[in-house]
Amino acid sequence: MNKYAALFEDEDDIFAGSPVSKYWDISAQLSEDLIKDEFDRLIEKMAVMEDLLSQTHDYENINQIVKNHAFENSTKIQELKKSLYMELAGQLIYRVAE
């Protein structure tokens, strides 16, 4: 179970929407510079993960490997996506409060 699983048992009551919609609601209220900086952090994280994956797989096959894994583990991936959206929303809120 991921670290935010309990939050999704009845997400409409807790969030008045999905984690995805809450993330976009929060991001719409923030400055463009902050959003760009957070997006850059995401791209950096993806680059690191891609580099790590390329150490054990051919670089040319990484996209197909990712697609296959997402298809074969779709339920788990959907739950992880919800968790990541909540984590990202929390990071945005934290950055505003700094």
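It should be noted that the structure appears before, not after, this text.
Residues numbered from 1 in each chain as written. Predicted model: local features only at pLDDT ≥ 70, side-chain atom pairs only at ≥ 80, totals over all residues. Heavy atoms only, no water.

Draft legend 1. A look at the packing of helix α2 (residues 19-28) against helix α5 (residues 74-97). Two elements in contact, α2 and α5, have axes separated by 8 Å at closest approach and are oriented at 20°. The angle between α2 and α5 falls in the class roughly parallel. When the axes of α2 and α5 are compared, the crossing they make is left-handed. Facing P19, V20, Y23, W24, I26 and S27 of α2, the residues of α5 in contact are K82, Y85, M86, L88, A89, L92 and I93. (Axes fitted to C-alpha atoms, helices over the stretch in contact; angles between N-to-C directions. Helix = DSSP H or I, 4+ residues; strand = E, 2+ residues; numbered from the N terminus. Parallel < 35°, antiparallel > 145°, perpendicular 65-115°, else oblique. Left-handed = near helix turned anticlockwise from the far one by under 90°. Contact = heavy atoms within 4.5 Å.)

Draft legend 2. Fine view of the packing of aromatic side chains. Under the defined criterion, the tally for this structure stands at two aromatic pairs. Ring geometry for Y23 against W24: centres 4.9 Å apart, planes inclined by 80°, an arrangement best described as edge-to-face. Here Y23 falls in the buried class, since its relative accessible area comes to 9%. Ring geometry for Y23 and Y85: centres 5.6 Å apart, planes at 65°, overall edge-to-face. (Phe/Tyr/Trp six-rings, centres within 6.5 Å; stacked < 30°, edge-to-face > 60°. Buried < 20%, exposed > 50% of the residue type's maximum accessible area, 1.4 Å probe, protein only.)

Draft legend 3. Quick peek at a nonpolar patch on the surface. On the surface, a nonpolar cluster with roughly 420 Å² of combined accessible area is contributed by F39, I43, M46 and M49. By secondary structure assignment, the location of M46 is in helix α3 (residues 32-54). Its relative accessible area of 53% is what places M46 among the exposed residues. (Patch = residues over 30% accessible without salt bridge, like charges linked within 9 Å, V, L, I, M, F, W, Y side chains within 5 Å. Areas by Shrake-Rupley, 256 points an atom, 1.4 Å probe, with all protein chains shown as cover. Salt bridge = Lys/Arg side-chain N within 4 Å of Asp/Glu carboxyl O.)

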